[in-house]
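# Structural overview
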Amino acid sequence: MAVKQEILALLEQMPEPLQKEVADFARFLLEKKRGEELAWQALSLAQAIRDLPEEDYTEEDLEERW
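So, here's what we can say about the structure. Here the structure is a predicted model, which means the values were calculated and not measured.

### Topic: the overall build of the protein
The helix and strand tally for the protein stands at three helices and zero strands. In the protein, the order of α-helices and β-strands from amino to carboxyl end is α-α-α. Burial analysis of the protein (66 residues in total) assigns 0% to the buried set. Put simply, the protein shows about 6,700 Å² of open surface, and 58% of that area lies on carbon and sulfur atoms.

### With respect to the packing of aromatic side chains
The full count for this structure, using the stated rule, is one aromatic pair. Between the aromatic rings of Phe-25 and Phe-28, the centroid separation amounts to 6.0 Å while the plane-to-plane angle is 25 degrees, which identifies the pairing as stacked. Placement of the pair is Phe-25 and Phe-28 together in helix H2 (residues 16-49), with a separation of three residues, close to one helical turn. By relative accessible area, Phe-28 is classed as partly exposed at 48%.

### Some remarks on the environment of Gln-13
Topologically, Gln-13 is positioned in helix H1 (residues 3-13). For Gln-13, a relative accessible area of 64% translates into the label exposed. Polar side-chain contacts of Gln-13 include one of 3.4 Å to the backbone oxygen of Ala-9.

### A word on the pattern of salt bridges
Following the criterion strictly, the structure yields three salt bridges and no others. The salt bridge partner of Lys-20 is Glu-16, with a shortest N-O separation of 3.7 Å. Of this pair, Lys-20 and Glu-16 both sit in helix H2, four residues apart, which is roughly one turn of the helix. Between Asp-24 and Arg-27 there is a salt bridge whose closest N-O contact spans 2.6 Å. Here Asp-24 pairs with Arg-27, and both are found in helix H2, just three residues apart, close to one helical turn. Residue class for Arg-27 comes out partly exposed when judged on its relative accessible area of 49%.

Cut-offs applied
Residues numbered from 1 in each chain as written. Predicted model: local features only at pLDDT ≥ 70, side-chain atom pairs only at ≥ 80, totals over all residues. Heavy atoms only, no water. Helix = DSSP H or I, 4+ residues; strand = E, 2+ residues; numbered from the N terminus. Buried < 20%, exposed > 50% of the residue type's maximum accessible area, 1.4 Å probe, protein only. Areas by Shrake-Rupley, 256 points an atom, 1.4 Å probe, with all protein chains shown as cover. Phe/Tyr/Trp six-rings, centres within 6.5 Å; stacked < 30°, edge-to-face > 60°. Polar contact = N/O pair within 3.5 Å; in protein donor to acceptor, adjacent residues only side chain to side chain. Salt bridge = Lys/Arg side-chain N within 4 Å of Asp/Glu carboxyl O.

Here you go:
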């Protein structure tokens, strides 16, 4: 059985208070993943600019221009 179907089958067997706990946990996992992605983005940006000369940059300097 695929994971999604297994989770749905388990949810159908649970009373609503437990279903709410599962939903809360799922939201927590999503937020945790988003936080990890943001941390990697910040690290990537820090690594990308680490060798740039020390100058004051504005947000406009960071915008991508095509």
